[in-house]
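In case you want the letters, here they are:
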Amino acid sequence: MTEHADEIVELVNYFNKDDLELIFINLEKELSAENAKTNKEERKKILQNCFREVHTLKGTAGMLKADIVGEILHILEDVLQQLLECSDRIVGIKDDKIFDFLLSGLDMTEQAISIFQTNPQFTMSFSTELGKSYKNYKENARDILTNIDNYLELQQLNLDLF
């Protein structure tokens, strides 16, 4: 057993992929065109919940020095933060690949936790399957963060107010 065996079990128990998937699916429903214009408060609550869950899991991974898990969750957290920041302006979805991105982050997190359980000293290598997925995930995040208006339909700001 590793010196952090109890904490690793706690991380595994805390990461409930099914619950997070349900939260993300609920988020997708709230951002759909028929709901996005009317449920701003509910949408914000769901986004805050998504962000808080990912942030807490990332913090737990950081305390355990599960760097691989933390790196994946950090990227996921950045995209959720961007969604949260523009949540009041979202009026629909242009490209639902953003939800594929969120769900693939959960898949990668699950894979990374599994690796961490068996090898806490594991470091990311781009020659591994996980490393290749991570590299692609990071590139997708960069695209989402720099081109958010390609993924979401955003209400235009009234610049006359400034």
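Please refer to the structure placed before this passage.
Calculation rules
Residues numbered from 1 in each chain as written. Predicted model: local features only at pLDDT ≥ 70, side-chain atom pairs only at ≥ 80, totals over all residues. Heavy atoms only, no water. Helix = DSSP H or I, 4+ residues; strand = E, 2+ residues; numbered from the N terminus. Buried < 20%, exposed > 50% of the residue type's maximum accessible area, 1.4 Å probe, protein only. Contact = heavy atoms within 4.5 Å. Areas by Shrake-Rupley, 256 points an atom, 1.4 Å probe, with all protein chains shown as cover. Polar contact = N/O pair within 3.5 Å; in protein donor to acceptor, adjacent residues only side chain to side chain. Axes fitted to C-alpha atoms, helices over the stretch in contact; angles between N-to-C directions. Parallel < 35°, antiparallel > 145°, perpendicular 65-115°, else oblique. Nonpolar A, V, L, I, M, F, W, Y, C, P; charged D, E, K, R; others polar.

(A) Summary view of the overall build of the protein chain. A tally of regular secondary structure across the protein chain gives seven helices and two strands. For the protein chain, the sequential pattern of α-helices and β-strands runs α-α-α-α-α-β-α-α-β. For the protein chain, the proportion of its 162 residues judged to be buried stands at 39%. Contacts spanning at least 24 positions in sequence make up 76% of the contacts within the protein chain whose residues lie at least 6 apart. By element, 47% of the accessible surface of the protein chain is carried by carbon and sulfur atoms, the whole surface being about 9,300 Å².

(B) Spatial organisation of the environment of Leu102. Residue placement: Leu102 occurs in helix 6 (residues 97–118). Overall, the relative accessible area of 0% leaves Leu102 in the buried class. The spatial distance from the C-alpha of Leu102 to the C-alpha of Glu77 is 9.6 Å, given a sequence separation of 25 residues. Not counting the four nearest positions on each side in its chain, Leu102 is found in contact with Phe24, Leu27, Leu76, Val79 and Leu80.

(C) Just the side chain of Lys17, in detail. Structurally, Lys17 can be placed in helix 2 (residues 17–31). Within the structure, the side chain of Lys17 is placed 2.4 Å from the side chain of Asp107, a separation counted as a polar contact.

(D) Spotlight on unusual backbone geometry. A positive phi angle, close to 60°, is found at Lys65, a residue other than glycine. Along the polypeptide, Lys65 turns up in the loop between helix 4 (40–63) and helix 5 (67–85).

(E) Layout of the packing of helix 2 against helix 6. Where helix 2 meets helix 6, the closest approach of the two axes is 10 Å, and the angle between their N-to-C directions is 175°. The orientation of helix 2 with respect to helix 6, classified from their angle, is roughly antiparallel. Across the interface between the two elements, Lys17, Leu20, Glu21, Phe24, Leu27, Glu28 and Leu31 of helix 2 pack against Phe99, Leu102, Leu103, Leu106, Asp107 and Glu110 of helix 6. Here the contact of helix 2 with helix 6 is built from residues that sort into eight nonpolar, no polar and five charged.

Note that all results are geometric; they support no functional claim without further evidence.
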